[in-house]
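# Fold and contact review
Below are the chains, spelled out letter by letter.
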Amino acid sequence: MKCKLLFFCLIMYAAAFKTGAQTAELKSYNLVWNSQSKNSGESMPCGGGDIGLNVWVEKGDLYFYMSKSSTFDENNTFLKLGRVRIKLFPNPFAGTNFKQELVLQDGSVIIKGKCDNLNTQVKLWVDVYRPVIHVEINSNQPITTEADYESWRYRDRNSNGKENNQDSRKWLPDGVVKTLKDNISFKNNGVQFYHQNQDSTVFDATVAEEGLNAVKSQLYNPLYQLVFGGIIKGDGIRAAGTYTGKYQSTDFEGWALRSVKAKKKQDLEIYLNTENIATPQLWVQKLDSIEQDAASHKKIALAATQNWWKQFWDRSFICIDPNKIDANNPEWQAGRNYQLFRYMLGCNAFGEYPTKFNGGLFTYDPENVDTTYKFTPDFRNWGGGLMTAQNQRLVYWPMLKSGDFDMMRSEFKFYLRSLHNAKLRSKFYWGHDGASFTEQLENFGLPNMAEYGYKRPADFDKGVEYNAWLEYHWDTVLEFCQMMLENQRYTGGDIKQYIPIIESCLTFFNEHYQYLAKKRGAKTFDANGYLVLYPGSAGETYKMAYNATSTIAGLQTVLKTLLALPLEYLTQDERKTWQVMLKRIPPVNFTEINGHKTIAPAKLWQNVNNVESMQLYPVFPWGIYGIGKPDLDVAINTWKYDTLAIKFRSGIGWKQDNIFAARMGLTKEAIDLTIFKLKNSGRRFPAFWGPGFDWAPDHNWGGTGMIGLQEMLMQVDDKKIYLFPAWPKNMDVHFKLHAPYNTTVEATVKNGKLKSLTILPKEREKDVINML
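Residues numbered from 1 in each chain as written. Predicted model: local features only at pLDDT ≥ 70, side-chain atom pairs only at ≥ 80, totals over all residues. Heavy atoms only, no water.

Residue pairs spaced three or four apart in an α-helix point in one direction, given the helix's 3.6 residues per turn. Look at helix α6 (residues 330-346): 24 Å from first C-alpha to last across 17 residues, which is about the 24 Å you get at 1.5 Å a residue. Within α6, 15 of the 17 residues are buried, which leaves it mostly tucked inside the rest of the structure. Near the N-terminus of α6, the side chain that reaches the backbone nitrogen of E331, with its oxygen 2.9 Å away, is that of N329. (Helix = DSSP H or I, 4+ residues; strand = E, 2+ residues; numbered from the N terminus. Expected span 1.5 Å × (residues − 1). Buried < 20%, exposed > 50% of the residue type's maximum accessible area, 1.4 Å probe, protein only. Polar contact = N/O pair within 3.5 Å; in protein donor to acceptor, adjacent residues only side chain to side chain.)

Okay, here's the thing in structure tokens:
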């Protein structure tokens, strides 16, 4: 009874605590710089909808790069939309009184400068609901504004060697790739700019390289007739000529716009448009309609955007030591940087394509990442249109507990669009059903042609990548299948549109491994009636694997979750099909190390090729082992005694050891690795981590940090909610996270004591287990 009374008191106390505290905590996380930046590597993110800006002030001029979801050129390079440079006369940034602030509450960046008696504020914000960038300049004295559009794609640019890692041709045999110039001109007192993809793209080259020309007309091609760009303009602004220059190592041409007269207030707008459309003229018409729509909503656009960000912050947060603000404390940094990184993810909430793991919308001049990379600002390692699932998954898993379900749709839409191509390649190469999603997957659902293998043996299976890292690596798509299923469990929403993806991915494994078994001999299944998952792959690490544990765990979990859906999702025949398949999935593999039972990465494997701890994937992402679940000691033994799991352990990049530790309740290991993940990056913007194994800002790094922190605070097992399963008592925290069945959990811990707890809906209170 005392426990129940205490629990009730905590619930009542929480009701008086909530919104005001979070507002103050979030404001304390606003990032403020009191000096100008040295270069774009010291930029600050800003964005909304599907647009990202890198904003910085350098030598008195304001700059920002523009990125927008789905701006892929002929080579599948993820092109930026250019750079804007703003000069003010007289210049308020010529003095020493300077402030640049990322205002998380409304998603804006505000820059203030004072020089002598001149005070000026510049506010940048992006309309969440329309592709429009706003620059608002307000001064206490009349000033003249010059707004320049700068482009390095004023000419065709050849790239070769390492620079081709930005595109999908990579190590092309002849070595030279050309990025075609944009169309840029003055128009209606503004600067219009766009890139129009030519009819022949890397899609056509990929289809030919992979022997699919016979079905080319049936394949989805997102690069065909793709046009993207925009126009920059403002009231009282006129064309002021062109100029040339060089920023860092990249030459450019600039198109200058200048205010006709000095004034205290000057607004600039940049309207953006991306369309698969037949002609540039039709694209311009659509751009004009975007401008007209923005004008008709001008009075409410800012308020609507601010309200979206308010709801975004209200629905989830994690604030560590909120009453002990100390920017030098790595624990406080971790809480702040969790919020900063989630802000970066929120900037692509409505993207047509997912947030890219290798920089998202916020890459910058590559020589600020690696001084030897004297490439253009379009560069990012590991490609532009490549959607590498083993990396992308780590950006999207944390969105379940943060309640950002709307932001997951862009990743799911990618698979919806690609499903037809993935099914067609299975039918074409092997004659069976099911979607074959490989690794290093293009935005049109086929494997990258370089990773597929330019130099392949003539008789090698055409459907398999000739690649020591990627061959037979089919199973990462299962994680996105599980995310789709978890969306239904978390929200109760309708996921019928995703069932064909899930079923087709399962069908591939069911049919492909029977197909391979029949090619080897007379028996389709092993002696126990199980599928023989050979050849397979446990990540990129355990190659030519026989019954990879990560594949087994994934198939078991997806099948069980699919079968647990409400009855309306599956017919009786479909349900029977998946029940039969579930019985055919072999068990997880075990071994013994120093007398301790541990999880094995596979039954057998030929060689170790990378540094992933695949033997712990039954812990994360698959959740077979964890707090409150059977045989947790087996997973902990694997952590403690498996020599390769120990050797591979790290907090860098996509490494998931912090998540494994949290899931197993290993508090010290979880906090050490998670704080390492989320402490300041070493760059001026503290959440620009990396490059790690990929590129900067490394979104794998941030994603794994988010997941680890969430799992330390809350874990779920169907209806059970475990609070603080790996949380140190010496760290104060205020958080709000989401759990299955439309549940939110908000709690405050201070001095090792639970001070407030709100569970909604209230009937879920009985399912909470406090482990503090």
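Fine structural detail should not be taken from predicted coordinates in areas where pLDDT scores are low. This prediction gives the protein a mean pLDDT of 96; 97% of its residues lie at or above 70. Taken together, the stretch residues 1-17 has pLDDT below 50 and engages in 20 contacts with residues farther than four places along the chain or on a different chain. (pLDDT = per-residue confidence, 0-100. Contact = heavy atoms within 4.5 Å.)

This brings us to the pairing of strand β8 (residues 118-126). With respect to burial, β8 is a largely interior element, seven of its nine residues being buried. Bridge count for strand β7 (residues 108-115) against β8 is seven bridges, and the pairing is antiparallel. Looking at β8, one finds that I110 is bridged to K123. Where β7 folds back onto β8 in an antiparallel hairpin, the turn is made up of two residues, including D116, whose phi is positive at roughly 55°. Here seven bridges tie β8 to strand β9 (residues 132-151), and the two strands are oriented antiparallel to one another. Across the sheet, the residue bridging to Q121 is N138, located in β9. In sequence, β8 turns back onto β9 through a hairpin of five residues. (Pairing = 2+ DSSP bridges.)

Paired through backbone hydrogen bonds, the strands of a sheet run either parallel or antiparallel to each other. Taken in spatial order, the four strands make up an open sheet running β18-β27-β28-β29, and their pairing is antiparallel. Single-partner strands in this sheet number two, and they are β18 (317-320) and β29 (753-760). Strand-to-strand twist of the sheet, defined as the mean angle between neighbouring strand axes without regard to direction, takes the value 15°. Strand direction decides the pairing type here: strand β27 (residues 733-739) and strand β28 (residues 743-750), joined by seven bridges, are antiparallel. Paired with V733 across the bridge in β28 is V749. (Axes fitted to C-alpha atoms, helices over the stretch in contact; angles between N-to-C directions.)

With that settled, consider the pairing of strand β12 (residues 183-187). Note: β12 against strand β13 (residues 190-196), five bridges, orientation antiparallel. Across the sheet, residue I184 finds its bridge partner in β13, namely F193. Remark: two residues form the turn of the hairpin made by β12 and β13, two consecutive strands paired antiparallel; N188 in that turn has positive phi of roughly 50°.

Over its twelve residues, helix α18 (residues 667-678) runs 16 Å from end to end, which matches the ideal 16 Å to within 8%, given 1.5 Å per residue. Inspection of α18 places A670, I671, L673, T674, I675, K677 and L678 among the buried residues, and these make up the whole buried set. Buried-residue contacts for α18 involve α6, α15 (632-641), α17 (657-663) and α19 (699-713).

If charged atoms from side chains of opposite charge come close, those side chains can pair. Summed over the entire model, instances satisfying the criterion amount to 40 salt bridges. Two residues, K668 and D672, come together in a salt bridge whose shortest N-O distance is 2.7 Å. Highlighted residues: K668 and D672, both in helix α18, separated by four residues, approximately one helical turn. What makes K668 exposed here is its relative accessible area of 59%. Ionic pairing is found between K766 and D767, a salt bridge with its closest N-O pair at 4.0 Å. Bridged by salt links that share partners, the residues D61, R83, R85 and E150 form one connected network. (Salt bridge = Lys/Arg side-chain N within 4 Å of Asp/Glu carboxyl O.)

Attention now moves to a positive patch on the surface. The grouping of K729, K750, K753 and K755 at the surface amounts to a positive patch. Of note, K750 is situated in strand β28. (Patch = residues over 30% accessible without salt bridge, like charges linked within 9 Å, V, L, I, M, F, W, Y side chains within 5 Å. Areas by Shrake-Rupley, 256 points an atom, 1.4 Å probe, with all protein chains shown as cover. Lys, Arg positive; Asp, Glu negative; His and termini not counted. Charge placed at Lys NZ, Arg CZ, Asp CG, Glu CD.)

With that out of the way, let us pick up the environment of F480. With respect to the helices and strands, F480 occurs in helix α11 (residues 477-491). We classify F480 as buried; its relative accessible area is 0%. As for F480 and T674, which are separated by 194 residues in sequence, their C-alpha atoms are 24 Å apart. Setting aside anything within four residues of it in sequence, one finds F480 in contact with A389, Q392, R393, E411, F412 and Y415.

Moving on, we get to the packing of α11 against helix α13 (residues 549-563). Contact geometry of α11 with α13 gives a least axis separation of 10 Å together with a crossing angle of 25°. As summarised for this structure, α11 and α13 are arranged roughly parallel, according to the angle between their axes. As for the relative orientation of α11 and α13, their crossing is left-handed in sense. Along the contact surface, α11 presents L478, C481, Q482 and L485, while α13 presents T551, G554, L555, T557, V558, T561 and L562. Looking at side-chain class alone, the contact of α11 with α13 contains six nonpolar, five polar and no charged residues. (Parallel < 35°, antiparallel > 145°, perpendicular 65-115°, else oblique. Left-handed = near helix turned anticlockwise from the far one by under 90°. Nonpolar A, V, L, I, M, F, W, Y, C, P; charged D, E, K, R; others polar.)

The next point concerns the packing of helix α7 (residues 389-396) against α11. Closest axis-to-axis distance for the α7/α11 pair is 9 Å, and the angle between their directions is 25°. By the angle between their axes, α7 is roughly parallel relative to α11. Both α7 and α11 take part in a crossing whose hand is left-handed. Each of A389, Q392, R393 and Y396 in α7 lies in contact with α11, whose residues at this interface are E479, F480 and M483. Of the residues belonging to the contact of α7 with α11, the class tally is four nonpolar, one polar and two charged.

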